[in-house]
Amino acid sequence: MRYSALKILKEGLTGNKGWKPVWREPEPKKEYDVIIIGGGGHGLATAYYLSKVYGVTNVAVLEKGWIGSGNVGRNTTIIRSNYMLPGNQPFYEMSLKLWEGLEQDFNYNAMVSQRSILNLFHSDGQRDAFVRRANAMMLSDAGAELADAAQLRRELPFLDFDNARFPIKGGLYQRRGGTVRHDAVAWGFARGADMNGVDIIQNCEVTGFHIENGVCTGVETNKGPIKANKVASCVAGSSSRVMALAGMRLPIESHVLQAFVTEGLKPTLPGVITFGAGHFYVSQSDKGGLVFGGDIDGYNTYAQCGNLPVVEDVAEGGMAIMPMIGRARLLRSWGGLMDMSMDGSPFIDKTHVEGLFFNGGWCYGGFKATPASGYCYAHLLAKDEPHPNATEMRLDRFISGHIIDEKGQGNQPNLH
Amino acid sequence: MIINHPLLGPRDAAEFVYLGDAALIDRPDPSVADAAEKFHEYGYLRDNPAGEHQELWYHEQGDRSWLVVTRNTLSHEISKVELARDVAVARGRGR
């Protein structure tokens with residue numbers, strides 16, 4: 001079933017009785033070519049691009065809960081490609097280009113809205129750093145634009161330009177950045193993969209791997225054993241737990257990141273705005289709520305809830321750049337598990353076990369990467385070699401010394 | 001979270017800085033043949049368990065002591081707090 005304006009009109013006139021579930025609920029087969037563990041954004045995108053671009057359709061996605069129940073359903077929905085290092089930036093620009101054509105590609109309304117992202121800077125030194133970043137962005141065709149304070153005063157008069165501690169000196173725009181309806185991303189990829197023959201199996205928890213003589217031949221699940229030529233883990237915050245079943249220790253710590261939504265307000269924020277002197281980012285959803293977040297809580301955790309000191313820190317960040325936010329009432333907050341890697345950058349790689357693949361370490365930047373992560377992971381699974389845009393996202397980069405540390409913080413995950 | 005400091009009593013976790021797994025106390029011997037591999041494991045690989053976790057907290061806004069806190073990563077419940085110095089000495093490190 002393809003969605004179209006005509007279809008909506010027809011259904012509207014006939015009582016909307018013709019809509020059907022957009023993916024099947026199959027029982028697992030005994031054997032697949034590829035098993036993807038994790039039915040989140042990245043796992044479903046991997047299944048979608050495997051079946052669509054690489055022609056591998058005998059694929060199962062195993063999800064412990066329901067699809068989209070993890071981080072793809074609990075992020076702040078921002079997309080952008082304003083990274084700096086060569087190991088990252090071409091990958092994220094590939095992702096942004098995929099976002100731009102995504103809805104036409106998978107025929108599903110994901111509400112991709114390129115409403116711009118603005119990174120504020122507050123000092124001369126920070127302006128220099130942002131100019132350098134802008135140049136790196138333009139090298140990958142991502143587009144970048146430096147705005148001075150006078151321009152921002154015209155465009156965003158509500159910002160606290162003359163803040164005593166953090167005066168706003170200007171900002172770095174990426175006009176192509178923006179937001180996406182996050183749940184629809186999971187649903188759209190699931191529907192697209194299902195239409196190509198992928199089995200999406202929910203409530204199916206992987207409890208072990210079948211590994212014989214260094215070769216992975218399948219997985220053990222609560223629905224029985226399933227064989228596969230290739231097994232691909234894609235479970236974000238639970239990466240260490242799942243890969244431990246295969247005897248691996250990862251360069252990852254799991255942390256919690258909190259996010260917040262206010263009551264619905266009239267249109268007030270045109271795009272995404274980030275604070276340069278602390279950690280705070282905010283946008284306005286189409287329903288009107290201000291969606292914002294800040295730092296991770298900073299300690300290992302698997303509890304999907306955070307603590308109050310970070311709530312206070314985030315609120316202070318908001319008040320520092322736009323005091324008007326103090327009048328908005330908080331509607332809800334929540335936490336998600338971040339697979340924080342040792343250099344703040346992700347992994348899309350083979351493992352030491354033949355036939356077992358790993359995708360993770362996305363820290364709190366996984367949502368924007370969803371399409372490219374799926375595409376590059378699918379490439380690796382289908383061709384047994386990394387996609388040209390993901391060659392540096394290797395698991396062995398800490399021993400080889402080829403780390404991708406955007407912030408230069410070293411092996412301290414809670415600082416990335 | 002409240003950390004029950006062995007010397008100062010219950011303190012707000014916000015006074016502390018978090019470093020990570022208390023295995024960081026056990027720095028490998030740099031003179032062994034496979035030291036590079038050992039330091040890679042020490043510096044970069046983590047158990048990252050769901051459940052009980054021994055970890056290093058630094059009381060930056062207090063007495064500047066390092067603590068080994070045993071905390072459940074599923075519930076945030078803290079079951080044990082020790083001075084890191086005592087733990088290190090018990091493990092045969094330091095003086």
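Above this note sits the structure.
Note that the structure is a prediction, hence the values are computed from the model and not measured.

Side note on the overall build of chain B
Then, in step 1: Secondary structure assignment for chain B yields 2 helices and 6 strands.
Then, in step 2: Tracing chain B from N to C terminus, the helices and strands come up as β-β-β-α-β-β-β-α.
Then, in step 3: The principal-axis extent of the C-alpha atoms belonging to chain B is close to 45 × 30 × 20 Å.
Then, in step 4: Across the 95 residues of chain B, 43% fall into the buried class.
Then, in step 5: When contacts within chain B are restricted to residue pairs at least 6 apart in sequence, long-range pairs at least 24 apart make up 48% of them.
Then, in step 6: Surface summary for chain B: the accessible area is close to 5,300 Å², and the carbon and sulfur share equals 49%.
Then, in step 7: In chain B, 11 side chains carry a positive charge and 16 a negative one; their mean positions are 6 Å apart.

Description of the pairing of strand 2 (residues 59-62) of chain A
Residues and elements named next belong to chain A.
Then, in step 1: Covered by surrounding structure in strand 2 are Val 59 and Val 61 together with Ala 60 and Leu 62, the residues of both alternating faces.
Then, in step 2: Sheet topology note: the strand 1 (residues 31-37)/strand 2 ladder contains 4 bridges and is parallel. The partner of Ile 35 across the bridge, within strand 2, is Ala 60.
Then, in step 3: As a crossover connection, the stretch from strand 1 through helix 2 (residues 41-52) into strand 2 is right-handed.

A word on the side chain of Thr 262 of chain A
All names here are of chain A.
Then, in step 1: The residue Thr 262 is located in strand 12 (residues 252-264) in this model.
Then, in step 2: For Thr 262, a relative accessible area of 2% puts it in the buried group.
Then, in step 3: Looking at Thr 262, its side chain comes within polar contact range of the main-chain nitrogen of Leu 290, at 3.0 Å.
Then, in step 4: Look past the residues within four positions of Thr 262 in its chain and what remains in contact with it is Gly 289, Leu 290, Phe 292, Ala 328, Arg 329, Leu 330 and Leu 331.

Quick word on helix 9 (residues 370-383) of chain A
Residues and elements named next belong to chain A.
Then, in step 1: Taking 1.5 Å as the rise per residue, helix 9 with 14 residues should run 20 Å; its terminal C-alpha atoms sit 20 Å apart, in good agreement.
Then, in step 2: Counting buried residues in helix 9 gives 12 out of 14 residues, a clear majority hidden from the surface.
Then, in step 3: When helix 9 is considered as a whole, its buried residues turn out to be Thr 370, Pro 371, Ala 372, Ser 373, Gly 374, Tyr 375, Cys 376, Tyr 377, Ala 378, His 379, Leu 380 and Leu 381.
Then, in step 4: Backbone geometry just after helix 9 places Asp 384 at a positive phi near 65°.

Regarding the sheet that holds strand 4 (residues 52-58) of chain B
Residues and elements named next belong to chain B.
Then, in step 1: In space, the 4 strands of this open sheet follow the order 3-4-5-6, with antiparallel pairing throughout. The sheet terminates laterally at strand 3 (17-21) and strand 6 (78-83), the two strands that pair on one side only. Along the sheet, successive strands turn relative to each other by an average axial angle of 30°, direction set aside.
Then, in step 2: Bridge analysis of strand 4 against strand 5 (residues 66-72) gives 7 bridges, and the strand direction is antiparallel. Residue pairing across strands places Gln 54 opposite Thr 70, the latter belonging to strand 5.

Some thoughts on helix 3 (residues 89-106) of chain A
Because the α-helix completes a turn every 3.6 residues, residues three or four places apart line up on one side.
Residue and element names in this part refer to chain A.
Then, in step 1: Taking 1.5 Å as the rise per residue, helix 3 with 18 residues should run 26 Å; its terminal C-alpha atoms sit 25 Å apart, in good agreement.
Then, in step 2: The largest bend in helix 3 is about 45°, located at Glu 100.
Then, in step 3: Three or more residues of helix 3 are buried, namely Gln 89, Phe 91, Tyr 92, Glu 93, Met 94, Ser 95, Leu 96, Leu 98, Trp 99, Leu 102, Glu 103 and Phe 106.
Then, in step 4: Positive backbone phi, approximately 50°, marks Asn 107, located one or two places after helix 3.

A few points about the pairing of strand 10 (residues 215-221) of chain A
Residues and elements named next belong to chain A.
Then, in step 1: In this sheet, strand 10 lies alongside strand 9 (residues 206-212) in antiparallel orientation, the contact comprising 6 bridges. Bridging across to strand 10, Ile 211 finds its partner in Cys 216.
Then, in step 2: In this structure, the hairpin formed by strand 9 and strand 10 is closed by a connection of 2 residues, where Asn 213 is found at a positive phi of approximately 50°.
Then, in step 3: In this sheet, strand 11 (residues 224-233) lies alongside strand 10 in antiparallel orientation, the contact comprising 4 bridges. By the bridge assignment for strand 11, Gly 218 is matched with Lys 227.
Then, in step 4: Between the end of strand 10 and the start of strand 11, which pair antiparallel, lie 2 residues.

Observations regarding the environment of Gly 366 of chain A
Then, in step 1: With respect to the secondary-structure elements, Gly 366 of chain A resides in the loop between strand 18 (356-360) and helix 9.
Then, in step 2: Linking Gly 366 of chain A and Val 219 of chain A, residues 147 residues apart in sequence, is a C-alpha distance of 25 Å.

Describing the layout of surface pockets
Residue and element names in this part refer to chain A.
Then, in step 1: The space that makes up the second largest pocket amounts to roughly 560 Å³.
Then, in step 2: Looking at the second largest pocket, it is lined by 26 residues, and the ones nearest its centre are Arg 181, His 182, Ser 285, Lys 287 and Val 291.
Then, in step 3: Contributions of two or more residues to the lining of the second largest pocket are made by helix 6 (182-195), strand 12, strand 14 (281-284), strand 15 (289-296) and strand 16 (330-341).
Then, in step 4: With 4 residues, strand 12 is the single largest residue contributor to the lining of the second largest pocket.
Then, in step 5: The residue inventory of the lining of the second largest pocket, partitioned by class, reads 6 nonpolar, 12 polar and 8 charged.

Some thoughts on unusual backbone geometry
Residue and element names in this part refer to chain A.
Then, in step 1: Even without glycine at this site, Met 111 takes up a positive phi of about 55°.
Then, in step 2: With respect to the helices and strands, the residue Met 111 is situated in the loop between helix 3 and strand 4 (117-121).
Then, in step 3: The backbone of Asn 213 sits at a positive phi, close to 50°, despite the residue not being glycine.

Observations regarding the nonpolar core
Residue and element names in this part refer to chain A.
Then, in step 1: By size, the foremost hydrophobic cluster in this structure holds 54 residues, and its most contacted members are Ile 36, Tyr 49, Phe 91, Trp 99, Phe 189 and Ile 348.
Then, in step 2: Elements supplying a minimum of two residues to this core: strand 1, helix 2, strand 2, helix 3, helix 6 and helix 9.
Then, in step 3: Residues contacting Ile 348, with those up to four places away along its chain left out, are Phe 91, Phe 358, Asn 359, Trp 362, Ser 373, Cys 376, Tyr 377, Leu 380, Ala 390 and Met 393.

Calculation criteria
- Residues numbered from 1 in each chain as written.
- Chains lettered and ligands numbered in written order.
- Predicted model: local features only at pLDDT ≥ 70, side-chain atom pairs only at ≥ 80, totals over all residues.
- Heavy atoms only, no water.
- Helix = DSSP H or I, 4+ residues; strand = E, 2+ residues; numbered from the N terminus.
- Buried < 20%, exposed > 50% of the residue type's maximum accessible area, 1.4 Å probe, protein only.
- Contact = heavy atoms within 4.5 Å.
- Areas by Shrake-Rupley, 256 points an atom, 1.4 Å probe, with all protein chains shown as cover.
- Lys, Arg positive; Asp, Glu negative; His and termini not counted.
- Charge placed at Lys NZ, Arg CZ, Asp CG, Glu CD.
- Pairing = 2+ DSSP bridges.
- Right-handed = clockwise from strand over helix to strand, strands pointing away.
- Polar contact = N/O pair within 3.5 Å; in protein donor to acceptor, adjacent residues only side chain to side chain.
- Expected span 1.5 Å × (residues − 1).
- Axes fitted to C-alpha atoms, helices over the stretch in contact; angles between N-to-C directions.
- Bend = angle between axes of the 7 residues up to and from the residue.
- 1 Å grid on protein atoms, 1.4 Å probe; cavity = no way out; pocket = protein on both sides within 12 Å on 5 of 7 lines; lining within 4 Å.
- Points joined across faces, edges and corners; volume = space filled by probe spheres on them.
- Nonpolar A, V, L, I, M, F, W, Y, C, P; charged D, E, K, R; others polar.
- Core = buried A, V, L, I, M, F, W, Y, C linked by side-chain atoms within 4.5 Å.

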